[in-house]
Amino acid sequence: MHTPSTLITSRPLDEYCGLFGLTRAALAALPGPVLDCPGGAAGLTAEARELGVTVIATDPAYAAPLPELTALARAGRDSMATHLAAAPDRYLPSRHLRPERYLRSWDRARRLFAADSAARPERYVAAALPRLPFADGSFALTLSAYLLFAYPELFPPERQLAGLLELVRVTAPGGEVRVYPLHDGASRPCPHLPRLRSGLGERQVSSELVRFARPGDGRTRRVLVLRRAGR
Ligand SMILES: C[S@@+](CC[C@H](N)C(=O)[O-])C[C@H]1O[C@@H](n2cnc3c(N)ncnc32)[C@H](O)[C@@H]1O
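All figures in this text were calculated on a predicted structure; none of them were measured in a lab. (Residues numbered from 1 in each chain as written. Predicted model: local features only at pLDDT ≥ 70, side-chain atom pairs only at ≥ 80, totals over all residues. Heavy atoms only, no water.)

Q: Explain the packing of aromatic side chains to me, please; I cannot follow it from the model alone.
A: Two descriptors summarise a pair of aromatic rings, namely the distance from one centre to the other and the angle between the planes of the rings. One pass over the full model with this rule turns up seven aromatic pairs. Between the aromatic rings of Phe-134 and Phe-139, the centroid separation amounts to 5.2 Å while the plane-to-plane angle is 90 degrees, which identifies the pairing as edge-to-face. For the pair Phe-134 and Phe-139, a shared accessibility class is recorded, and that class is buried. Clustering of aromatic rings is evident, with ring pairs tying together Tyr-62, Phe-113 and Tyr-124. A cation over an aromatic ring shows up here: Arg-159 above the ring of Phe-155, its NZ or CZ 5.0 Å from the ring centre. Its guanidinium or amino end placed over the ring of Tyr-180, Arg-221 lies 5.1 Å from that ring's centre, counting from NZ or CZ. (Phe/Tyr/Trp six-rings, centres within 6.5 Å; stacked < 30°, edge-to-face > 60°. Buried < 20%, exposed > 50% of the residue type's maximum accessible area, 1.4 Å probe, protein only. Lys NZ or Arg CZ within 6 Å of the ring centre and 35° of its normal.)

Structure, rendered in structure tokens:
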């Protein structure tokens, strides 16, 4: 039995778009494939396929058999239900969304993930940051949701830097890496973000903090956007 050190969550494509300031049209217009790291049991890979977009998901949890993984994802959903009951405003992606509707979107994403990963296992690659089994510059866009800053106990500063650099390495020149959130599970912002950004700059990676509007309620969220410098 795989014992994960994080929740296995199952966000749908529309939630990813909201997190990262993307639209379906922007995804469809990308010149190459997208990397979702960590993919968890998200619906992004399956749903993007319907848009004609190739998304490769990578996650160490993909080493586990699928029934085990979907059971863990179901437990992740139940854990989110508990968090939502205690503090809905903190966990809902929009303040106008009802918790039951949000949880249904996770249920649907988890089902899409299960069907797609059974049908197309080559799109779900078992691997762990800070080392990914992809060639340099393989992806037009790399998305990283709810890992590098959300679990500082797994990613202390040096490992965070190594993880971010690895995401940049596998992203094509001219492409970008988007990382969210920049706070931990208790909503504490990363205290050493400026030092991390200067470490990236020393390695020719430009970083920008971009505020994207949250769909539906006018609030914004901060996303770290990385590019190889000089592009
Ligand atoms: C909270 S989930 C996020 C999944 C997805 N991005 C989402 O937002 O629904 C965190 C994921 O990180 C994965 N994970 C844990 N350690 C990792 C590592 N070193 N590299 C990549 N993924 C990792 C876990 O297996 C888990 O699926």
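Q: Quick question: what am I supposed to make of the pattern of salt bridges here?
A: When the charged atoms of two side chains with opposite charge come close together, those side chains can pair. Under the definition given, this model contains 17 salt bridges. A salt bridge links Asp-136 to Arg-169, with the shortest nitrogen-to-oxygen separation between them at 2.7 Å. Of this pair, Asp-136 sits in the loop between β3 (124-125) and β4 (139-145) while Arg-169 sits in helix α7 (residues 157-169), placing them 33 residues apart in sequence. For Arg-169, a relative accessible area of 25% translates into the label partly exposed. (Salt bridge = Lys/Arg side-chain N within 4 Å of Asp/Glu carboxyl O. Helix = DSSP H or I, 4+ residues; strand = E, 2+ residues; numbered from the N terminus.)

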